[in-house]
Amino acid sequence: MNKPLCALALLACHACAVHAQDARQIMTEVQNRTQSKSEHYEGSLEVINASQKISKKRWAYDRLGVYGNSKSELRFIAPPDVKGVALLVINHPDRASDQWMWIPAEERDRRIALQDRSSRFFGTDFSFEDLEERDIDQYDFKLLGDDKLDDATCWKIESRPKESKTSQYTSSLLWVRKDRYFLVRTDNFIKDRLVRQIAYRDVESIDGIWTALDVAVVDLTRNSRTVLSLEKVKYNLPMKSGDFTRENFRQ
Amino acid sequence: MSKLLVAFVWAAGFTAHAQGFSQRGFMEMSGNIYTQTVPNDSAYGTGEALFGYELKWQPKPWLILNASLEARIDTHHQDSRSLQVDWEDRSLQRPALSIRQLSAVLKRDNLTMTLGKQFIRWGETDFLNPTDRFAPKDLLTIVDQEVLPVTAVRLTYTHGNNALNFVWQPLFTPGRIPLVNQRWTFVPEAFSQFDVQNIGSKFPGRSSFGVRWSRTSAGYEWSLSYYDGFNYLPSSIPSFDATLTRVSFSPFYPALRLYGGDLAIPLSQLTLKGEAAYYTSPTNQQDEYLLYVLQLERQIHDLRLIFGYAGEVVTAHAETLQFAGERGFARAVFGHALYTLDSNRTLTLDVFVRQNGGSALLRPGYSHSFGEHWRATVSFTWLSGDPNDFLGRYYRNSFATAELRYSF
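In this text the structure is predicted, and so the values were computed from the model without any measurement.

Attention now moves to the overall build of chain B. In terms of helices and strands, chain B carries one helix and 26 strands. The C-alpha radius of gyration computed for chain B amounts to 22 Å, which stays within 12% of the reference 22 Å derived for 408 residues, consistent with globular compactness. By principal-axis analysis of the C-alpha atoms, chain B measures approximately 65 × 50 × 45 Å. Pairs at least 24 residues apart make up 57% of the contacts formed inside chain B by residues separated by at least 6 positions.

This part takes up the overall build of chain A. The number of helices and strands found in chain A is two helices and 13 strands. In terms of C-alpha radius of gyration, chain A reaches 20 Å, essentially the compact-globule figure of 18 Å for 251 residues. Counting all 251 residues of chain A, 35% fall into the buried class.

A separate point is the sheet that holds strand S15 (residues 239-240) of chain B. All names here are of chain B. Spatially, the three strands line up as an open sheet ordered S11-S16-S15, and their pairing is mixed. This sheet does not close on itself; its edge strands, each paired only once, are strand S11 (195-198) and S15. In this sheet, strand S16 (residues 246-249) lies alongside S11 in parallel orientation, the contact comprising four bridges. Bridging from a neighbouring strand, Asp-195 pairs with Arg-246 of S16.

All names here are of chain A. Both strand S9 (residues 171-177) and strand S10 (residues 182-190) contribute to a ladder of seven bridges, which runs antiparallel. Within S10, the position partnered with Ser-171 by the bridge is Phe-189. Taken together, S9 and the strand that follows it, S10, pair antiparallel across an intervening segment of four residues, in which Tyr-181 is found at a positive phi of about 50 degrees. Sheet topology places S10 next to strand S11 (residues 193-206); six bridges connect them, and they run antiparallel. Within S11, the position partnered with Arg-185 by the bridge is Ala-199. The turn joining S10 and S11, which pair antiparallel and follow one another in sequence, is formed by two residues; a positive phi near 55 degrees is taken by Lys-191.

Residues and elements named next belong to chain B. The topology assignment puts Asn-397 in the loop between strand S25 (374-385) and strand S26 (399-407). Assessed through the 22 C-beta atoms surrounding it within 10 Å, Asn-397 is described here as buried. Expressed as a C-alpha distance, the spacing of Asn-397 and Leu-272, which sit 125 residues apart in the sequence, is 33 Å. The contacts of Asn-397, once residues within four sequence positions are left out, are Tyr-34, Arg-183, Trp-184 and Leu-383.

Turning to the nonpolar core, a few remarks are in order. Residues and elements named next belong to chain B. Core analysis: the largest hydrophobic core is formed by 32 residues, its most contacted members being Leu-291, Ala-310 and Ala-332. Within the residue set of this core, elements represented by two or more residues are strand S13 (221-230), strand S18 (271-280), strand S19 (288-300) and strand S22 (332-342). No other element matches S19, which puts four residues into this core. Excluding residues within four positions of it along the chain, Ala-310 makes contact with Phe-127, Leu-128, Val-293, Phe-329, Ala-330, Ala-332 and Phe-334.

It is worth spelling out the interface of chain B and chain A at this point. Of the residues lining the interface, 34 residues belong to chain B; the matching set on chain A comes to 26 residues. Elements with a contribution of two residues or more to the side of chain B that touches chain A: strand S5 (97-108), strand S9 (150-159), strand S17 (255-266) and S22 of chain B. Grouping the constituent residues of the side of chain B that touches chain A by class yields nine nonpolar, 16 polar and nine charged.

With that settled, consider the pairing of strand S23 (residues 345-354) of chain B. Residue and element names in this part refer to chain B. When S22 meets S23, the two strands line up antiparallel, connected through 10 bridges. Of the residues in S23, the one forming a bridge with Leu-338 is Thr-348. In this structure, the hairpin formed by S23 and strand S24 (residues 359-370) is closed by a connection of four residues, where Gly-357 is found at a positive phi of approximately 75 degrees.

All names here are of chain A. Here the bond from Ala-78 into Pro-79 is cis, since omega is 0 degrees, no more than 30 degrees from zero. Tracing the sequence through the fold places Pro-79 in the loop between strand S3 (71-78) and strand S4 (86-90). Look at Lys-191: it is not a glycine, yet its phi comes out positive at around 55 degrees. Along the chain, Lys-191 falls in the loop between S10 and S11.

All right, on to the confidence of the model for chain A then. On average, residues of chain A carry a pLDDT of 87, and 91% of them reach 70 or more. Note on residues 1-18 of chain A: pLDDT under 50 across the span, and one contact to partners over four residues away in sequence or across chains.

Of all residues in chain B, 95% attain a pLDDT of 70 or more, and the chain-wide mean is 91. Overall fold confidence (pTM) sits at 0.87, and the ipTM for the predicted complex is 0.81.

A few words now on the environment of Phe408(B). Following the sequence through the fold, Phe408(B) ends up in the segment after S26. Note: C-alpha distance between Phe408(B) and Gln269(B) (139 residues apart in sequence) is 38 Å. The residues touching Phe408(B), leaving out its near neighbours within four places in the chain, are Pro80(A), Gly25(B), Phe26(B) and His373(B).

On to the environment of Val353(B), then. All names here are of chain B. Relative to the helices and strands, Val-353 resides in strand S23. Considered as a pair, Val-353 and Ala-376 are 23 residues apart in the sequence and their alpha carbons are 28 Å apart. Once residues lying within four places of it in the same chain are set aside, the contact partners of Val-353 are Ala-332, Val-333 and Ala-360.

The rules behind the values
Residues numbered from 1 in each chain as written. Chains lettered and ligands numbered in written order. Predicted model: local features only at pLDDT ≥ 70, side-chain atom pairs only at ≥ 80, totals over all residues. Helix = DSSP H or I, 4+ residues; strand = E, 2+ residues; numbered from the N terminus. Rg over C-alpha atoms; globule rule 2.2 N^0.38 Å. Contact = placed C-beta atoms within 7 Å. Buried ≥ 20, exposed ≤ 12 C-beta atoms within 10 Å, placed from the backbone. Pairing = 2+ DSSP bridges. Core = buried A, V, L, I, M, F, W, Y, C linked by C-beta atoms within 7 Å. Nonpolar A, V, L, I, M, F, W, Y, C, P; charged D, E, K, R; others polar. pLDDT = per-residue confidence, 0-100.

Structure (structure tokens):
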């Protein structure tokens, strides 16, 4: 290989490395800026199916711990037909989360197996995997460049789960607002097919943490969407680890 | 005890706006239409109305109070007409008014203690739970099994991925078996001219005890359990009167010592679940046997599939007549499919086939919710088989069911 070509190849490799490093740095900053010891909110859900029929649900959400090492519980509080149904998620830094679902009528919980994570969570357009909180170390990132979304300048980043990590998605495209280091949209792909879009809107600073009060999920395979509106959001409340166990979950 | 419940409801009502208070309830109307009559039951149709109300109140971070009450009435006298509030759940008929739960949960660090009337479920599998000994079943209609609560003290200690459960049940709760004058009691042809009478149950006096150690890991979860108490399904020794016109029996509940375990392994495409228990009889009043279930689960988008086998190995026989409410479902393959059409509608299918072809059950169902409160469910249970088979003997009991539930 002659010298100029060799130098060009080295330069190209260096540029790739800088981009790869930048993407991870951006995502690290995104994660750091939304980090809190605990979180509580009540969410109102509107599920709009392909024939435009709307069903409404409401859940209460509690989380203790930070990304990749957190525990969360999500419990339906309305409508009465599903009240009490709950999901317990134990996130791990190095692997997919453990999940159990509690159905009061059955008086028992059921483990959600890894192969079930792509299925919809209780009639919403969230999959079980979408309700996990994974650490960025479980993904490889690549900065694709700049993009504009709703008049805000964003970094467009591609993320792929690391080879050893299980995910329903082959890859995702992430849009991160430059001014706030805040994730505003995710397009999730299975192979090359776009299957689910998640948009984080109505962003407010609560207790110094940028928070999307409106999360819209579109399931493109079934042409339905779910809009989650967050209320009563609070961070860093005192919570106990013992409140996020399977035993407590059944009470 | 009913005064205690009323006091709790009253206190909870006053604190309805307090943090940690929640309530829910439902009203349900259901009807069954049978395709045939049977010799001891000439009714084609039955109907029932059910009301349930549940309260949960957490006045302190370390204290939760639970209460629930059920009221029911039916056309077929499977439900008692007495308005006395029932705590013990020992009656032959379902009580008209019963306390389903009245318990206090006390928490401190890794310890949780639950005192009072409560539901305790052990085991991993769905169709049959050999280790689930603190969950007596209401088997009045055999194929629609309800779980009954028990009066117990439950202590749970969790440490990392391990949980240790101790249960002490001072007051025995029997399972409920079919009423002798109704279609789910099978009277063999040879006994059809006799007047069959249940002259009252003999309940055990001492308490029951159980312990379960469970562990959860990344690739599996398992538990080991031990139970020392009584079988909640009765045995009996029938006796004939002098004129040979009447057969009487008095159900009793044999002592039972049980060693069990369960396991769940999520594999790449399927989840494998297994549960087994070895039933021993310290007083030799019932058979000794191993009851086990192996089950595979798979979720394919909105379709959930369960397929499995329930087996039994008998190691010792006893000379008593034993009600086979659970074992009667062993030695069979079973399947369950649940298809979620959308957020309001589901289709289900249950299948049961005895390995020797002695009986079969097929139950398709459809459920539809309307708005925020209403849900309608319809199903048809088709039963077929041989009169010598536990389930097959109900071959004339195929029925259609319609339910309408209002939740609030």
